[in-house]
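# Coordinates in review
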Amino acid sequence: MRVLITKNYDEMSRAAANYVAHRINEFGPTAERPFKLGCPTGSSPLGLYKHLIKLNKAGLVNFENVVTFNMDEYVGLPVEHPESYHSFMWTNFFNHINIKKENVHILDGNAPDLIAECEHYEQMIAEAGGIDLFMGGVGPDGHIAFNEPGSSLSSRTRIKTLTTNTIQANCRFFDNDVNKVPKQALTVGVGTVMDAREVLILCNGPHKARALHHMIENGISHMWTSSMLQMHAHGIVFCDEEATVELKISTYEYFKDKQRIEGAIEEFLGYYNV
């Protein structure tokens, strides 16, 4: 696992966006061989999307031959609802880049057969040749997508009932009314994410510090599903200083020293400057 510690949220977002753009450009996607990108929602990736949009508008990364698969979607929320993840992605990212609508894949939380929808999603990922880079955030309780504490580490795309903590955390998007928050969601599984050739996790703010600690310092546990990243051959975490406050000093110094030697943050920020 590679852990990169940035000064603040903006630097984290810029470095991660440059890294993603560089990976796409290195791949050199074509219509016959597209780059498959896994996409998250939530507050953490907003800065990353903002910077990817800037890079696209500056002609520094092209999304014409990029195929996306989103992590999750609420069950029973109309697609046009402002808090649906369909709306989130088009409002905050897809409407601002040159991606083809047919290349965007988001789970349908209103499908007549939700189990079949989940199975079909896994099938589409497999038929696309797998995901090249899965981006994700992490929840305060260490979950990725809606794989909350207790989720199987080999899980696939499925229906998940949301915990009270998740519902309360998301009620700020629903007029602070927990009764308006959907109680279920469709989500890719931990196994689905781990199948990607590369996984990039964003972790920012002091409220994510405990999650970062469990993700990189403690053992692998289904109670902290993001800890499964320890088993990925190409896992990378971008975090800010505020998220590191619960790390051991020796852990913090190890990763800071490593990135100083590699010049990693400077390298990524230097890829593009917009």
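As a starting point, this report considers the structure included with it. Keep in mind it's a predicted model, so treat the numbers as computed, not measured.

Conventions we followed
Residues numbered from 1 in each chain as written. Predicted model: local features only at pLDDT ≥ 70, side-chain atom pairs only at ≥ 80, totals over all residues. Heavy atoms only, no water. Pairing = 2+ DSSP bridges. Helix = DSSP H or I, 4+ residues; strand = E, 2+ residues; numbered from the N terminus. Axes fitted to C-alpha atoms, helices over the stretch in contact; angles between N-to-C directions. Buried < 20%, exposed > 50% of the residue type's maximum accessible area, 1.4 Å probe, protein only. Contact = heavy atoms within 4.5 Å. Phe/Tyr/Trp six-rings, centres within 6.5 Å; stacked < 30°, edge-to-face > 60°. Lys NZ or Arg CZ within 6 Å of the ring centre and 35° of its normal. Parallel < 35°, antiparallel > 145°, perpendicular 65-115°, else oblique. Left-handed = near helix turned anticlockwise from the far one by under 90°. Nonpolar A, V, L, I, M, F, W, Y, C, P; charged D, E, K, R; others polar. Core = buried A, V, L, I, M, F, W, Y, C linked by side-chain atoms within 4.5 Å. Salt bridge = Lys/Arg side-chain N within 4 Å of Asp/Glu carboxyl O. Expected span 1.5 Å × (residues − 1). Right-handed = clockwise from strand over helix to strand, strands pointing away.

### Focus on the sheet that holds strand β7 (residues 158-161)
What links the strands of a sheet is backbone hydrogen bonding, and the strands pair in either a parallel or an antiparallel sense. Here we have three strands laid out as an open sheet, ordered β4-β8-β7, and antiparallel in their pairing. Edge strands, defined here as strands with exactly one partner in the open sheet, are β4 (72-74) and β7. Neighbour-to-neighbour, the strand axes of this sheet turn through a mean angle of 25°, independent of strand direction. When β7 meets strand β8 (residues 184-187), the two strands line up antiparallel, connected through four bridges.

### Focus: unusual backbone geometry
Residues other than glycine seldom take positive phi values, yet A145 does so here, at roughly 50°. As for its position among the elements, A145 is in the loop between β6 (133-136) and β7. For A145, a relative accessible area of 10% puts it in the buried group. Non-glycine residue N176 carries a positive phi angle of around 55°.

### Describing the environment of V104
When you line up the elements, V104 lands in strand β5 (residues 104-105). Residues V104 and Q230, 126 residues apart in the sequence, show an inter-C-alpha distance of 29 Å. For V104, the contacting residues outside a window of four places in its chain are T68, W90, F94 and I99.

### Observations concerning the packing of aromatic side chains
Within the structure shown, the criterion is met by 16 aromatic pairs. Both rings, one in Y254 and one in F255, keep their centres 5.0 Å apart while their planes meet at 75°; by these two values the pair is edge-to-face. Look at Y254 and you get partly exposed, because its relative accessible area is 47%. Every member of this aromatic cluster is reached through a ring pair, and the members are Y19, F238, F268, Y271 and Y272. The ring of F27 has R33 sitting right over it, with the charged end atom 3.9 Å from the ring centre.

### Section: the packing of helix α1 (residues 9-27) against helix α2 (residues 46-57)
Two quantities define a packed helix pair, namely the angle between the helix axes and the distance between the axes. For the pair α1 and α2, interaxial distance at closest approach is 8 Å and the crossing angle is 50°. Classed by the angle they form, the pair α1 and α2 counts as oblique. Judged by the sense of rotation from one axis to the other, the crossing of α1 with α2 is right-handed. Seen from α1, the contacting residues are Y9, D10, S13, R14, A16, A17, N18, V20 and A21; seen from α2, they are L46, G47, L48, H51, L52 and L55. Taken together, the residues that form the contact of α1 with α2 break down as nine nonpolar, four polar and two charged.

### Description of the nonpolar core
Core analysis: the biggest nonpolar cluster contains 49 residues, and Y49, L52, F63, F93 and F238 have the highest contact counts within it. In terms of residue count, the dominant contributor to this core is α1 (eight residues). Setting aside residues up to four positions removed in sequence, F238 forms contacts with L4, M12, A15, A16, Y19, L200, I201, L202, C203 and F268. Membership of the second largest hydrophobic core comes to 36 residues, among which are F69, A211, I216 and V237.

### Concerning the pattern of salt bridges
Tallying each qualifying case throughout the model produces 13 salt bridges. Here D132 and K36 are joined by a salt bridge, their closest N and O atoms 3.6 Å apart. Placement of the pair is D132 in the loop between α4 (114-127) and β6 and K36 in strand β2 (residues 35-39), with a sequence separation of 96 residues. The partner of R260 in a salt bridge is E253, with the nearest N and O atoms 3.9 Å apart. The class of R260 is exposed, set by a relative accessible area of 52%. A relative accessible area of 38% means that E253 is categorised as partly exposed. Here the salt bridges do not stand alone but share partners, grouping R23, E26 and E198 into one network.

### Focus on α2
An ideal rise of 1.5 Å per residue puts 16 Å on 12 residues; α2 measures up with 17 Å between its terminal C-alpha atoms. By the burial criterion, the buried members of α2 are G47, L48, Y49, H51, L52, I53, L55 and N56. Packing partners of the buried residues in α2 comprise α1, β2, α3 (85-92), β6 and β9 (199-203). Looking one or two places after α2, you find G59, whose phi comes out positive at around 75°.

### Section: the pairing of β2
The buried fraction of β2 amounts to five of the five residues, a majority that puts the element mostly inside the structure. Side chains F35, L37 and C39 project from β2 onto one buried face, and the interleaved K36 and G38 project onto a second face that is buried too. Of the strand pairs in this sheet, β2 and strand β3 (residues 66-70) are connected by five bridges, and their pairing is parallel. Across the sheet, the residue bridging to G38 is F69, located in β3. After leaving β2, the chain enters α2 and then returns to the sheet as β3, a path that is right-handed.

The quantities given are spatial measurements derived from coordinates; they are silent on function.
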